[in-house]
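Observations on the model geometry
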Amino acid sequence: MELFPILKKAKLDFSRPTFNDTNIILPTARDTIASLPGNLADDEFSANEESDYLQNSEKETENINVYLRIRPTNNVCNMYKFTTDKVIVSQVDHTKNVNITEKHYSFTSVLNEAVDQVQIYDQIVRPTLSNPFASTGATFASYGVSSSGKTFTILGGSDFTAGLVPRAITQIFTEFQNFIAEFPCVKVTRDEIRELCDDDVESEMKTVDDFIFECAKLNKGKQLSNWSSKSIQENHNFSPKEEFEDRIYIWVSFVEIYNEKITDLLYNASSKSTFKTLKIYSNKGNSYIPGLTWFFVSKIDDALNILKYGLSKVSYASTKINDHSSRSHTIFTINLIAENKSGFQYSSFKFCDLAGAEKSKKAGNVGERLKEAGGINNSLLVLGRCLEAVHHNQSKNNKKTAEIVVPVRDSKLTFLIQSSLLGYEKFFMIVNLFPTSDFFEENLNVLKFASIAKQIVVRQVEVKKFKRPSLRFSYLMQSQLNNSIDINRTCNRINEENETFDESDLDFSYEWNKMSNEQLIEQLRKQKEEIEVIKKLYVQKEQDYIDSEMKLRQDVVKQYKQIHENLSKRNAADKEHLEYYYQQKMDSLKQSYERKLSEAYDEIEDLRRSLYKAIKKNSKQNEEKDINESNEEQEDESCEDDLIEIDD
Ligand SMILES: Nc1ncnc2c1ncn2[C@@H]1O[C@H](COP(=O)(O)OP(=O)(O)OP(=O)(O)O)[C@@H](O)[C@H]1O
């Protein structure tokens, strides 16, 4: 009996894929049956549904969230009045002492100087990150003149003054601690989720381990970050979630846009990769940077150290306004990928610390600073133009007029955060205001900019869900790692799927004209038998395949564990070596000091002896002198007595 013609027709390949193949898909019984001649597959597996992602129904719209944060100062300009959601700016004509203008700028909320870092985070970021897969992601950007507190808001100082990014990292790692993946089995590449083959998983693990090791070495074994995740947790009372079904993969990147050039802040100079100028591309309104470093993180301290490392590479300079002024826009991105049995979904969270929106003259910019300021102002101007264009297009009065093209491509900054500007992602702007009279004009521009942003409506677009092909290698591996694989369940599923197979749909019309009914029935019977045999064979083959794959999985997991153990041993050995080296150094220093000390003691002793001798000698001489003097006196007295006697 010829078993394989149908299999050949169905283009099945039972050869075992190698681990070097990326995105290998093991064909399931259902996939195979779907590809058999005739319409044997279920309707639910139609071509349309096999498309890359499923789309949810469109969600509601909401305005961009624009918060005003006021930097504390004792010198508040009296032209500002603040309410809970408004700033009223009155300009006075001093010659007549009357108000000439009064402008109202409204915000989602006005956060006065008493509102601290903890409250800012709880109000602006925490709700979104508590439910990170409810949307495709969000951008949090700080905007304002130099020295108004943008960097303080986004990155902040240590612990209690930590900014939004370290707090966001702490929240994610605390709330989802029971669901965070340990191995980088999936990654977002060019805005698509890709499952990594085992070689890639291993190489990603090695890259991040080496990087963290480098960071630690650079910092001489100390923790790089200023932040203690424990105290941030205590500030917010974050607690681990119990009810969550997905596994979460966390990837981070950090870029700087300086003079319209994109720099990878996580580029590791000691690694072998050569530095490249990065370019941005976009795909359906989402931007991505090919070649950008993305680190997979599974530990909170690693994420904080990576952030700290990136910060050490940011371009800062001193200007007239701020001693430590960020001269560039920096964007720290956290990509979260959720994986469950039906597929993947990802959300991207960008934290942008924008450069100051002040005039160059005010900042005292000359030379290099002036060139930088040109780049900064250009991107902020384009940002303003983008918001204006979006607002124009959304405005009801403009329904009949032509839509304006939103010029996101005119600057690197706007191109990179286009998904938020075009309303595909949530956008949170924190407008920082330093309410002194020095920046009155610039602050007015900032407020105008913010008020336009506030009116923009964001369509909460559908969340992309990437369907998983069943029995992906990496998925099995991850499940195996978590001891949750249930091979019987998998096999049962295959059997259930086979039950949907219905031969009655087979169309053999091409033979009918030539055969009698009996022949046809006989032919059909034989073919049914043939199909039964093929089905059994197929299920058996797939079972064998799964068994051998599981064995391989176990070997790979063993190898990973071995690599990890080796790495930790290497770290421990290096630590021991460093400790030994410094101990030796300390001992030799101690010995040399002790030697010098004892020499000094000897010298002191010699001096003490000489002094003692000198004093003794001196006192002896004094005694002799006294004796001589008293002898002389006695002689004088006896002479005098003799003289008196003679006189008498
Ligand atoms: N809300 C605040 N509370 C306490 N200190 C603040 C606050 N906002 C800003 N500061 C302090 O003001 C100074 C300037 O802030 P920061 O560097 O964040 O300004 P910036 O807007 O990022 O400036 P630049 O654009 O020049 O980088 C810093 O010393 C910072 O600690």
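The name given to the protein chain in an unreviewed UniProt entry is Kinesin-like protein, with Polypedilum vanderplanki as the source organism. The UniProt entry for the protein chain carries the following comment under Subcellular location (unreviewed entry): "Cytoplasm, Cytoskeleton, Spindle".

On to the packing of aromatic side chains, then. All told, the structure shown has twelve aromatic pairs when counted by the stated rule. Measuring from centroid to centroid gives 6.2 Å for Tyr281 and Tyr288, while their planes differ by 20°, and the two rings are stacked. Judged by relative accessible area, which is 40%, Tyr281 ranks as partly exposed. Residue classification places Tyr288 among the buried residues on the basis of a relative accessible area of 18%. Measuring from ring centre to ring centre gives 5.2 Å for Tyr581 and Tyr582, while their planes differ by 70°; the resulting arrangement is edge-to-face. Its relative accessible area of 42% is what places Tyr581 among the partly exposed residues. Its relative accessible area of 41% is what places Tyr582 among the partly exposed residues. Linked through ring pairs, Tyr80, Phe82 and Phe440 together constitute an aromatic cluster. The residue whose ring lies beneath Arg570 is Phe213, and the NZ or CZ to ring-centre distance is 5.1 Å.

Most of strand β18 (residues 329-340) is tucked away, with eleven of its twelve residues classed as buried. Relative to β18, strand β11 (residues 247-258) is paired through eleven bridges, and the arrangement is antiparallel. Among the inter-strand pairings, Ile248 is bridged to a residue of β18, identified as Ala338. Across eleven bridges, the pairing between β18 and strand β19 (residues 343-353) is antiparallel. Note on β19: the bridge partner recorded for Ala338 is Gln345. Connecting β18 to the next strand, β19, in antiparallel fashion are two residues.

What counts, and where the lines are drawn
- Residues numbered from 1 in each chain as written.
- Predicted model: local features only at pLDDT ≥ 70, side-chain atom pairs only at ≥ 80, totals over all residues.
- Heavy atoms only, no water.
- UniProt positions renumbered as here; feature names shortened; annotations may be inferred.
- Phe/Tyr/Trp six-rings, centres within 6.5 Å; stacked < 30°, edge-to-face > 60°.
- Buried < 20%, exposed > 50% of the residue type's maximum accessible area, 1.4 Å probe, protein only.
- Lys NZ or Arg CZ within 6 Å of the ring centre and 35° of its normal.
- Helix = DSSP H or I, 4+ residues; strand = E, 2+ residues; numbered from the N terminus.
- Pairing = 2+ DSSP bridges.

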